[in-house]
Amino acid sequence: DYESLRFLQLHIHRHNGKKIKLSEVGVRRRFYPWKKVPTIKTSDQNLQKLLQACINTVYNNSQETMVDGMGRERQQYSGDIGHQVHAIHPIFNAPEFFLRYLVTFSQGMTVDGFFLDTWPAYDRLNRLAQRQLGLTHWGPLLDHGIGFNFDCYYHFLYSGSLEGMEEVFPRLIRFFDYLRSLVTEENLLPVENIGIPTVWMDTDAYQLQRHKQCAFNLYAIAMLRAAFAPLCEQMGYKDIAKDAIAFSNTLHASTVKKFWDASTELFINNLPWIAEEEKKRMDDRTLATAYLYDLFPNGKSEKAVEAMANKVPEMGKSYPPNANWWLWAIAKAGKVEVILEDFSTRWIQMDSVLQNNTMQEAWKVKPDSRSQWSHAAIAPLYVTYMNLAGINPIEPGFEKYEIFPQLASLNTLELTYATVKGDIYFKVEGGKGKRRLTLKLPETGDGELVLPKLEKVKLPEISTNEKSGFRRYRLPKGETIQLSLKVV
C-alpha cells in the first residue's frame, strides 16, 4: 500500500483445520537515500504528531520522483506539488533530487509552448487528444507552468547553482512567450476558452471558473517579477527580464482595474459580475499572493490581512496542498498564533494524521474511496522551518540568510536546517518573554537575526526599521551562540 501500511491481510490456504503459527510477519519499505533524516522537536505534542505525518508523507511520495501521491497517478506535478522544494532542500538536503525533477518535468513542453502540468505522464498525452475532441473539460493545467518557474527559482535560491538550467531555461522563455500570446483585449490572461490547456488554481476556493481570473493574473505577475525575471538576469538575458517586468506591469494595472474594490480595499473575484451574482466572493490565494508580493494598490493591505486572519464568510479557502499561500501571508503579517491555532484545529484533526501518520489531499477523506490519504499537503512542516523558526535565504546559495523567529505560544522548537554552506542548528526553549535561543551557525554566509526592536541582545546591530518595529543583527560565522529573549 503506497499510502502507508494501514493493515496487512493474510490468506492461509490448505491448512486442513490444523493450528498454524505465524512469526516474523513484516513488509519491506522503499526509501530514497536521503542525506539527512529530519529531526525536529516541539513542546506541542499535537504539532509534533502533525510534523511527523508530514515527514512520513514525503517518504511516501518522493521515492525516485516527487509525485502527488503514490496511491494514484505516481506522476510528477508542479503547482501545488512543487511546494515540496521547501522540504526537499533544507529539511531532507537533497538538491540532486529536486534538480532531476526540474530537468525531467521541463521535458514535457508542448509545441505550442505550454508545459504539461504533470510529466512524464501518459494520461496527459491522452488528454491532448481528448481535448481536441471535446471529451473532457480538463486540459494541462496552465497555472502549473507558472508554478514551475517558481520551482526553478527556489532551487536556484537554495542551491546557488544554475546547473541544469541550460536545458530548462529555454523552455521557461517559450512559456513566457506563450503567456503573452494569450492576453485578451482587457490586457489580462484569460481563464476560459484558452484551447487545449485549462486554468485550475485550486479545488476548493472558487465557485465559478471566471472567479479564478484575478488569482491567476496575480500569480503570473508574482512569477514574472519574483522568479522569471531574476532567473533571466542570472542567465544573462537582461532584455527578456525587462520585457517580463513590463508585461507584469501591464497585467497588474489591468487586474487592479477589473478586480480591485477601492471601497473595501480588497480584490474581489467577481467584482465585474457582482450585479448578477449579488454576493461578493474572495479567496485566500488571491489576497495572500497580493500581500506576499506587494501587489495591493498604494500598499493598502490592512483590510486583506484582517480578512485572511478572520476567515470571513465571503472567502474561499484553498485545499490543503495550496494552504501554504495563506500560511505564508499570515506569518508575514506577524500573526503566528493564527497559524498555530489552524494547525491545532484543521490540520491535526485530519483523519489521515490521526489514523495513518500521513497528510491527506482534501480536508475531508473517506476510507475505501478515491480519497488520497498520503498526498503532498506538507505545508505545516516547511512553514515551521520558514516561518516559525524563520530561517530563509536572502541571496542565492545562502550567501546571505536571515533567522526571524516567531514562536507565539510555542514553548520549545528544535530543528536542523541544511544549507549549501552547512547546517544551521536552531533551538528555542521557554515561554514568551523568557526564552533562550541557541544557534549553531555555518562557517560561511552572512547571517542576520531579526528581532523586535525592544529586544536587547549582544550582537552587532545592522539596522532598525522603525516602521516594522524590528531590528537586524549580524550573526557570527561558525559559532554557537545563546541568547536570552525577553520579548519574543
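Now for a quick tour of the structure. (Residues numbered from 1 in each chain as written. Predicted model: local features only at pLDDT ≥ 70, side-chain atom pairs only at ≥ 80, totals over all residues. Heavy atoms only, no water.)

### Re the pattern of salt bridges
Filter applied, for reference: By definition here, a salt bridge exists when the distance from a side-chain nitrogen of Lys or Arg to a carboxyl oxygen of Asp or Glu is within 4 Å. Helix numbering and strand numbering both begin at the N terminus, where a helix is a DSSP run of H or I of at least 4 residues and a strand a DSSP run of E of at least 2. To sort residues, take the accessible area from a 1.4 Å probe on protein chains only and compare it with the maximum for the residue type: under 20% means buried, over 50% means exposed, and anything in between is partly exposed.
Taken as a whole and assessed by the stated rule, the structure comprises 22 salt bridges. The shortest N-O distance in the salt bridge between Glu96 and Lys35 comes to 2.6 Å. With Glu96 in helix H3 (residues 95–106) and Lys35 in the segment before strand E1 (40–42), this residue pair connects regions lying 61 residues apart in the sequence. Under the relative-accessibility criterion, Lys35 is labelled exposed at 54%. Two residues, Glu399 and Lys421, come together in a salt bridge whose shortest N-O distance is 2.7 Å. On the criterion of sequence distance, the pair formed by Glu399 in the loop between strand E6 (391–395) and strand E7 (400–403) and Lys421 in the loop between strand E8 (413–419) and strand E9 (422–429) is long-range, its members being 22 residues apart. Using a relative accessible area of 24% as the deciding quantity, one classes Lys421 as partly exposed. Beyond isolated ion pairs, a larger network of salt bridges with shared partners links Lys400, Glu402, Glu448 and Arg472.

### Some words on the environment of Trp138
Heads up, the condition is: Whether two residues touch is decided by their heavy atoms; if any such pair falls within 4.5 Å, the residues are in contact. Here a polar contact means two N or O atoms within 3.5 Å. Within protein one must be a hydrogen donor candidate and the other an acceptor candidate, and residues neighboring in sequence count only if both atoms are side-chain atoms.
Along the chain, Trp138 falls in the loop between helix H4 (122–132) and helix H5 (142–159). Of the residues examined, Trp138 reaches a relative accessible area of 31% and is grouped as partly exposed. Leaving out residues up to four positions away in the same chain, Trp138 has contacts with Arg127, Arg131, Thr198 and Trp200. Within the local environment of Trp138, its side chain forms a polar contact with the side chain of His137, the two groups lying 3.1 Å apart.

### Looking at the packing of aromatic side chains
Definition in use: Any pair of Phe, Tyr and Trp rings, taking the six-membered ring for Trp, is counted once the centres come within 6.5 Å. Such a pair is stacked with planes under 30 degrees apart, edge-to-face with planes over 60 apart, and tilted for the rest. In this scheme, Lys NZ or Arg CZ marks a charge over a ring once it lies within 6 Å of the ring centre and within 35 degrees of the ring normal.
All told, the structure shown has 37 aromatic pairs when counted by the stated rule. Geometrically, the ring pair formed by Phe404 and Phe470 is edge-to-face, given 5.0 Å between the ring centres and 75° between the ring planes. On the criterion of sequence distance, the pair formed by Phe404 in the loop between E7 and E8 and Phe470 in strand E13 (residues 470–474) is long-range, its members being 66 residues apart. Directly above the aromatic system of Tyr219 lies the positively charged group of Arg285, at a separation of 4.5 Å from the ring centroid.

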